[in-house]
Amino acid sequence: MTTALPRPAPAGAPVPPRRRRRRPLRSAAAVVVFVFCTFPVYWMFSTALKPAGDIQTDEPKLVPFSWTFDHFRTAMAADGFWLFWRNSLLLTVGAVLLALVVALAAAFAVARMRWRGRRQFLLMVFAAQMAPWESLIIPIYIMYRDTDLLDRLPALTLVYFMITLPFTIVVLRNFLATVPPELEEAAQVDGCTRLGAFRRVIFPLLAPGLMATSLFGFITAWNEFAYANFLIINNQDARTLPVWLTSFQNTFGTDWGATMAASTLFAIPALLIFLLLQRQVTSGFASGAVKG
Amino acid sequence: MSVIGQRPRPAAKTGGAPPARGDEPAPRRRARGSGWWPYLLIAPTVLGTAALLLVPLLRGLLISVQDFKLRELVNGDAKFVGLDNYGTLLGDPRFWEVVRRTFLFMAVNVVLIVGVGTLVALLIERLGRFGRTAVLSGLVLAWGMPVVAATTVFQWMFHSEYGVVNWALTSLGFDSFDRYAWFANGTAAFAIVVFLVVWQSVPFAAITLYAGLTTVPRELHEAARLDGASAFQTFRTITFPMLRPLFMLVICLEVIWTFRAFVQIWVITQGGPGDATTILPVYAVQTALSAQRYDLGTAASMITVLLMSSVLVIYFRQLYRQEAEL
């Protein structure tokens, strides 16, 4: 663990020298935190790029001097890689779009209208956000089995939609709250219908919020493993990337280069989104208080 | 969700809460918003929640009071057995062992996550521009790493023969780690799962707490320093009390998210070796799908839900203090 973090300095020392003395300590701590955070990611990338001979040695090479793309080729040529990639993408995009449309309507009702039951509805959304999904696998499995929905991608889409929906509502509601209602009213005065005012005035202003929430939803659905693993059983062609990744590792148990290349291919979209949206990631979610 | 049924507490009652926000401006558009529009707009959300959250929950409750094994799964017509399944579970020492381990797992994780997260947040606040950007990027990178990908990487890093961790430990002189099989030893496997969960969760805690730290007025810290307070005293008497609600939120969320460690455990060890990494959600799935005791597994899930909703109650009380205009 990160044991090298700075301990509070003992009391009593005069202030200025203490502060100056602690600067190197701080930098050292920062380096330790940075290395701890990034090393596993780096190790995945670098293993994927190393020639097989450099991977299984008694002395791991921390910096890959010779590179190869062989492992990526192995991973991509593996059975069904593109199929599972497509499955994951369809599932995720379907769930996110569905959640966006449904959440936009609900967020608008909550942020812009007063009605009886509004508080109770919001309470339900907050509760759903914390839903114990890990504990509902068995009932959902049985329900889906009874209705012949097992082994089907659309059924999985529905679960992912529900997992991402509450978070999307909460964040969109916060974004809507920052758009002054006067803008909308002005448009209506100018002869727009309520829907027209929404489409022409609010929607463009909401674009960043929609982007941020859909990317969060994308990551949640892209990464989901438990439901994909237990609801897709017989129809192996309907598997998703995370499930494929774990089975890939079992099949090619000794080929760590290919396994790390497969992990890299799977992780890249999520990593890119997080890095590109660093600012939104670090500020936007605080209001919605949900991890990706 | 026992919480849904409760009537929300009036937000105004939060006497000791931080800065009182003025009352909500009178809703000007009360007249316009009424009608059936809002109900139409929330209908899909309500339907979705009912169908995919409420119904499974009720179905789970139902199964947990039935005799539901493989035969009943195939033929239907399950008999009601009252609380027998719960009785069986509560009378099973293995179940209690799992409950004890779940709490231990939760406690260790949450203490480490919040502790390390706080230290990292304090560190980020004190860093210069460059260091801050670098550490924040590192945190975001760890945070964005998909759970399954991170899990495979940890398996590789802790590989007994070619793992980089064993190599590093051996090079540092800990010769006992030469070809040490981490996943064969219960305590070691447990430690790795904890390490993995902490590694994935610290970014959220650290960044959230750092965002909170930036809202603490600098003058307060300077005043404390002039009065001769140590860094620790300043934190204990100024920073922590001001951020107490935020700490409570982070702790509640991390407790609930600890159950999401299901995936990491399932992929790495499936609860093994022996039972060393079996926590409640893993136990439930093992019992239901491997042993085909759907009734017992579901009963264990319902107990999990009950435990989690008690955390939820605390979470909601905290949320009320934060969200004035809920």
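Residues numbered from 1 in each chain as written. Chains lettered and ligands numbered in written order. Predicted model: local features only at pLDDT ≥ 70, side-chain atom pairs only at ≥ 80, totals over all residues. Heavy atoms only, no water.

Overview of the overall build of chain B
And then number 1: Broken down by element type, chain B carries 15 helices and 2 strands.
And then number 2: By the burial criterion, 53% of the 326 residues in chain B qualify as buried. (Helix = DSSP H or I, 4+ residues; strand = E, 2+ residues; numbered from the N terminus. Buried < 20%, exposed > 50% of the residue type's maximum accessible area, 1.4 Å probe, protein only.)

So, the packing of helix α4 (residues 81–112) of chain A against helix α11 (residues 241–251) of chain A
Residues and elements named next belong to chain A.
And then number 1: Interaxial distance between α4 and α11 falls to 8 Å at its minimum, and their mutual angle equals 145 degrees. Together, F81, F84, W85 and S88 of α4 and L241, P242 and W244 of α11 make up the contact between the two elements.
And then number 2: Residues of the contact of α4 with α11, tallied by class, amount to 6 nonpolar, 1 polar and no charged. (Axes fitted to C-alpha atoms, helices over the stretch in contact; angles between N-to-C directions. Contact = heavy atoms within 4.5 Å. Nonpolar A, V, L, I, M, F, W, Y, C, P; charged D, E, K, R; others polar.)

Some words on the interface of chain B and chain A
And then number 1: Between chain B and chain A, the residue contacts involve 114 residues of the former and 105 residues of the latter.
And then number 2: The closest approach of N and O atoms between B:R59 and A:D146, which form a salt bridge, is 3.3 Å.
And then number 3: Our enumeration of links across chain B and chain A arrives at 10 residue pairs in polar contact (both at pLDDT 80 or more).
And then number 4: It is helix α3 (residues 37–64) of chain B that provides the largest number of residues to the side of chain B that touches chain A, a total of 19 residues. (Salt bridge = Lys/Arg side-chain N within 4 Å of Asp/Glu carboxyl O. Polar contact = N/O pair within 3.5 Å; in protein donor to acceptor, adjacent residues only side chain to side chain.)

So, the nonpolar core
And then number 1: Within the largest apolar cluster, 211 residues are counted, with the highest numbers of intra-cluster contacts made by A:Y227 and B:M145.
And then number 2: If near-sequence neighbours (up to four positions away) are discounted, A:Y227 is found in contact with A:W133, A:L136, A:I137, A:I140, A:L156, A:V159, A:Y160 and A:I232. (Core = buried A, V, L, I, M, F, W, Y, C linked by side-chain atoms within 4.5 Å.)

Considerations on unusual backbone geometry
All names here are of chain B.
And then number 1: Residue G272 is joined to P273 through a cis peptide bond whose omega torsion reads -5 degrees.
And then number 2: With respect to the helices and strands, the residue P273 is situated in the loop between α13 (262–268) and α14 (280–290).
And then number 3: One non-glycine residue with positive phi stands out, namely R179, at about 55 degrees.
And then number 4: Relative to the helices and strands, R179 is located in the loop between α9 (164–171) and α10 (186–213).
And then number 5: Relative accessible area serves as the criterion here: at 43%, R179 is assigned to the partly exposed category.

Comments concerning helix α6 (residues 93–126) of chain B
And then number 1: Between its first and last C-alpha, α6(B) extends 49 Å over 34 residues, near the 50 Å set by a 1.5 Å rise per residue.
And then number 2: Among the residues of α6(B), the N-terminal cap falls to B:D92, whose side-chain oxygen and the backbone nitrogen of B:R94 are separated by 2.9 Å. (Expected span 1.5 Å × (residues − 1).)

Observations concerning the side chain of A:K50
And then number 1: Structurally, the position occupied by A:K50 is in the loop between α1 (15–49) and α2 (52–55).
And then number 2: Within the buried set, A:K50 has no salt-bridge partner at all; the shortest N-O distance to an opposite charge, 7.2 Å, is to A:D54. (Lys, Arg positive; Asp, Glu negative; His and termini not counted.)

Comments concerning the confidence of the model for chain A
Residues and elements named next belong to chain A.
And then number 1: Residues with a pLDDT of 70 or more make up 87% of chain A, whose mean pLDDT is 82.
And then number 2: Confidence scores differ between elements of chain A, with helix α13 (residues 278–288) showing the lowest mean pLDDT of 59 and α4 the highest of 92.
And then number 3: Counting interchain partners and residues more than four positions distant, the pLDDT-below-50 stretch residues 1–18 has 28 contacts.
And then number 4: Segment residues 287–292 is flagged for pLDDT under 50; beyond a separation of four residues in sequence, or across chains, it makes 23 contacts in the model. (pLDDT = per-residue confidence, 0-100.)

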